[in-house]
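One-letter residues, chain by chain:
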Amino acid sequence: MLIPNYGCGNLASIVRMINWVGGDAVITSKASDLAVADKIILAGVGAFDHGMSGLCDGGWIDALNEAVLVRRVPILGICLGMQLMCKTSEEGTLPGLGWIDAEVGRFKLEQDSSLKIPHMGWNTVSVTKENPIICSDQEEQRFYFVHSYHVICNQPNDTLAIAHHGYDFTAAFSHENIFGVQFHPEKSHKFGMALMKNFVEL
């Protein structure tokens, strides 16, 4: 399993969790390495345009498209990585990877809401369709979030799970071999470990 290092975050905690659940993950700074990837994790934190610029400047986009769209390698986007899979973001001006028919928008809470942006901390996630990475028959599942923007899927069937922060939003999506989660499984204890283990075993 390969984790592209495109300059958007500390990836070591993801490697540690993958190793903990029995997988083998390697951080790579060479886009050419993706030619032999059996699975990919696209992780990251920060601004949308900074993330897309990192992918472009590092020569990652063609390599990712070949792996994900042609070879159909399973890929998991985490936080910013999930958002970069969409078409556009309200946070920036650059186009996204466009793998998912979705946009990214900022939370728009009621003026009298006591909730804060960014949405930060633990939140319950409700699974909306059968999928191989988040079990739908488990007890209440909670994951750790840190984000001000969220994905808006144009195809309802792409939504895998929802959470609530003022209103329901897409917490995870899936489309064929493409998976994305807005939360941080590497910071989500047993629920995150279960998700990572399921992805490793795909």
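This one's a predicted model, so the numbers in the text were calculated from it and none came from an experiment.

## What to know about the nonpolar core
- Grouped together as the largest cluster of nonpolar side chains are 34 residues, with contacts concentrated most on Ile41, Leu76, Ile78, Phe183 and Met196.
- Contributions of two or more residues to this core are made by helix 1 (12–20), strand 3 (40–44), strand 4 (75–79), strand 8 (141–147), strand 10 (159–164), strand 11 (168–175), strand 12 (178–181) and helix 5 (189–200).
- Tallying contributions element by element places helix 5 first for this core, with five residues.
- Those residues in contact with Met196 that sit more than four places away from it in its chain are Ile14, Met17, Ile18, Val21, Ile41, Leu76, Ile78 and Pro185.
- Within the second largest apolar cluster, 33 residues are counted, among which are Leu2, Cys8, Cys153 and Phe173.

## Details of unusual backbone geometry
- Residue Pro118 is reached from Ile117 by a cis peptide bond, and omega for that bond is 10°.
- Here the phi dihedral of Glu176 falls at roughly 55°; this positive angle occurs in a residue that is not glycine.
- Summarising the element assignment, Glu176 is placed in the loop between strand 11 and strand 12.
- The class for Glu176 is exposed, based on a relative accessible area of 57%.
- A positive phi is found at His189, a non-glycine position, where the angle reads about 50°.
- Relative to the elements of secondary structure, His189 occurs in helix 5.

## Here's the deal with the packing of helix 1 against helix 5
- Contact geometry for helix 1 and helix 5: axes closest at 9 Å, N-to-C directions at 75°. Relative to helix 5, the element helix 1 lies roughly perpendicular. Where helix 1 abuts helix 5, its residues Ile14, Met17, Ile18 and Trp20 lie against His189, Gly192, Met193, Met196 and Val200.

## Digging into the pattern of salt bridges
- Tallying each qualifying case throughout the model produces five salt bridges.
- Between Glu66 and Arg71 there is a salt bridge, and its shortest N-O distance comes to 3.5 Å.
- We classify Glu66 as partly exposed; its relative accessible area is 32%.
- Among the salt bridges present, the one from Glu201 reaches Lys197, with a minimum N-O distance of 2.5 Å.
- Judged by relative accessible area, which is 36%, Lys197 ranks as partly exposed.

Reading the values: rules and limits
- Residues numbered from 1 in each chain as written.
- Predicted model: local features only at pLDDT ≥ 70, side-chain atom pairs only at ≥ 80, totals over all residues.
- Heavy atoms only, no water.
- Core = buried A, V, L, I, M, F, W, Y, C linked by side-chain atoms within 4.5 Å.
- Buried < 20%, exposed > 50% of the residue type's maximum accessible area, 1.4 Å probe, protein only.
- Helix = DSSP H or I, 4+ residues; strand = E, 2+ residues; numbered from the N terminus.
- Contact = heavy atoms within 4.5 Å.
- Axes fitted to C-alpha atoms, helices over the stretch in contact; angles between N-to-C directions.
- Parallel < 35°, antiparallel > 145°, perpendicular 65-115°, else oblique.
- Salt bridge = Lys/Arg side-chain N within 4 Å of Asp/Glu carboxyl O.

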